[in-house]
Amino acid sequence: MIREVRNDRDIREAIEINLKTLPEHYPEFFWRENASLWRDLFLVGEVDNRIVGYSMSRIEIDEGFFKSDIVRRGHVISIAVLPEYRRRGIGTALMTETMKRMKEKYHADEIMLEVRVSNYPAIELYKKLGLMIVRIIPRYYRDGEDAYVMAKPL
Ligand code: ACO
Ligand code: ZN
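If you're wondering where the values come from, they're calculated on a predicted model, not measured in any experiment.

Peer 1: Report on the overall build of the chain, specifying residues and quantitative values.
Peer 2: For the chain, the count of helices and strands is 4 helices and 7 strands. From first element to last, N terminus to C terminus, the chain shows the α and β order β-α-α-β-β-β-α-β-α-β-β. Relative to the compact-globule value of 15 Å for 154 residues, the chain shows a C-alpha radius of gyration of 15 Å, a close match. With the C-alpha coordinates of the chain rotated into their principal frame, the extents come out at 45 × 35 × 30 Å.

See the structure below:
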C-alpha cells in the first residue's frame, strides 16, 4: 500500500531506510521540511503494516528540459526500498503515484531526478516509467561519481 507520511514515526522510518540503502543522507530538518511543505509528495510503501520504502519529492520552478521555457518541475529527491522487498513493484508504485500527484495536484510539466551513472536497478526502473537521460552532471556525488539527470514530460 502506498500512502502519504502521516507523522514523526513515518519520517523516522523513511530516514532509517535511507541510512540503510543509500550513501546520500540528509539532516533531519530537511526530511521534516519536505514533509511539511510537500506532504502529498512524501510517500511510503507498506507491506503488512511495515514501512519498507519511501519517496520524497518537491516542486521547483526551473528551465524545462523539454520546453525552452520556465516550467513547474517535480523533483524526486530520494527513493528507496528495503533490499528484502525489492522487485515486487514497490518502487514502481511509489514513482507512479508521485507522477500522478505531481501532475494532478501541482500541474507539474515534467518530472526529473538525479541518479548515479552506476545505479543500474534505479536507471532501469526510471526508463521503464518513461524517463530519459537528458544530461550528465560530472562529479555530482561526494565520492566523485557522475549523475545522470533523467526526466519525462508529465
Ligand atoms: N536489475 C535490473 N532491473 C531492475 C532492478 C535490478 N536489480 N531493480 C529494478 N529493476 C527494473 C526492472 O525493470 C523492474 O521490473 P521487473 O521486476 O518486472 O523486471 C522495474 O525496475 C521495477 O522494479 P520495482 O520492483 O518496482 O522496483 P523496486 O521496488 O525493487 O525499487 C529501487 C527499485 C528503488 C531502485 C531499489 O532498487 C532501491 O531501493 N535501490 C537502492 C536505493 C536507490 O538506488 N534508490 C534510487 C537512487 S536515485 C534517487 O533517489 C532519485
Ligand atoms: Zn535531486
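Peer 1: An account of the layout of surface pockets is requested, with residue identities and associated values reported.
Peer 2: Computed from the structure, the largest pocket encloses a volume of approximately 1,200 Å³. Taken together, 37 residues line the largest pocket, and the ones lying closest to its centre are Ile79, Asn119, Pro121, Ala122 and Tyr126. Counting residues per element, the ones that place at least two in the lining of the largest pocket are strand 4 (70-81), helix 3 (90-106), strand 5 (110-116) and helix 4 (120-128). Residue composition of the lining of the largest pocket, grouped by class: 19 nonpolar, 8 polar and 10 charged.

Peer 1: A description of the nonpolar core should follow, citing residues and the corresponding values.
Peer 2: Soluble globular proteins tend to pack their nonpolar side chains together in the buried interior. Ranked by size, the top nonpolar core spans 43 residues in total, and within it Trp31, Phe42, Tyr54, Met95, Leu113, Tyr126 and Leu131 carry the most contacts. Going through the elements one at a time, helix 1 (8-21), helix 2 (28-37), strand 2 (42-47), strand 3 (50-63), strand 4, helix 3, strand 5 and helix 4 are the ones with two or more residues in this core. Among the elements that take part in this core, helix 3 stands out by supplying 6 residues, more than any other. Apart from residues no more than four positions distant in its own chain, Tyr126 is found in contact with Ile79, Met95, Leu113, Val115, Leu131 and Met150.

About the criteria used
- The written sequence of each chain sets the order in which its residues are numbered from 1.
- Going through the entries in the order they are written, you letter the chains from A and number the ligands from 1.
- Under the rules for a predicted model, residues below a pLDDT of 70 receive no local features and side-chain atom pairs below 80 are neither given nor counted, while totals for whole chains, interfaces and linings still include all residues.
- In computing side-chain properties, one takes all heavy atoms of the structure into account and sets aside hydrogens as well as water.
- Counting from the N terminus, the helices are DSSP H or I runs at least four residues long and the strands are E runs at least two residues long.
- We compute the radius of gyration from the C-alpha atoms alone; for a globule the expected value is 2.2 Å times N to the 0.38, where N is the number of residues.
- Here a cavity denotes grid points, spaced 1 Å and computed from the protein atoms alone, that fit a 1.4 Å probe unable to get out, and a pocket denotes an open set having protein on both sides within 12 Å along at least 5 of 7 lines; residues with an atom within 4 Å of a point are the lining.
- Grid points are joined across faces, edges and corners, and a volume is the space filled by probe spheres set on the points.
- Just so you know the grouping, Ala, Val, Leu, Ile, Met, Phe, Trp, Tyr, Cys and Pro go in nonpolar, Asp, Glu, Lys and Arg go in charged, and all remaining residues, Gly too, go in polar.
- Only buried Ala, Val, Leu, Ile, Met, Phe, Trp, Tyr and Cys residues count toward a nonpolar core, and they belong to the same one when joined by side-chain atoms within 4.5 Å.
- Partly exposed residues are those whose accessible area sits between 20% and 50% of the maximum for their type, while under 20% is buried and over 50% is exposed, using a 1.4 Å probe and protein chains only.
- Residues are treated as being in contact if the distance between any of their heavy atoms lies within 4.5 Å.

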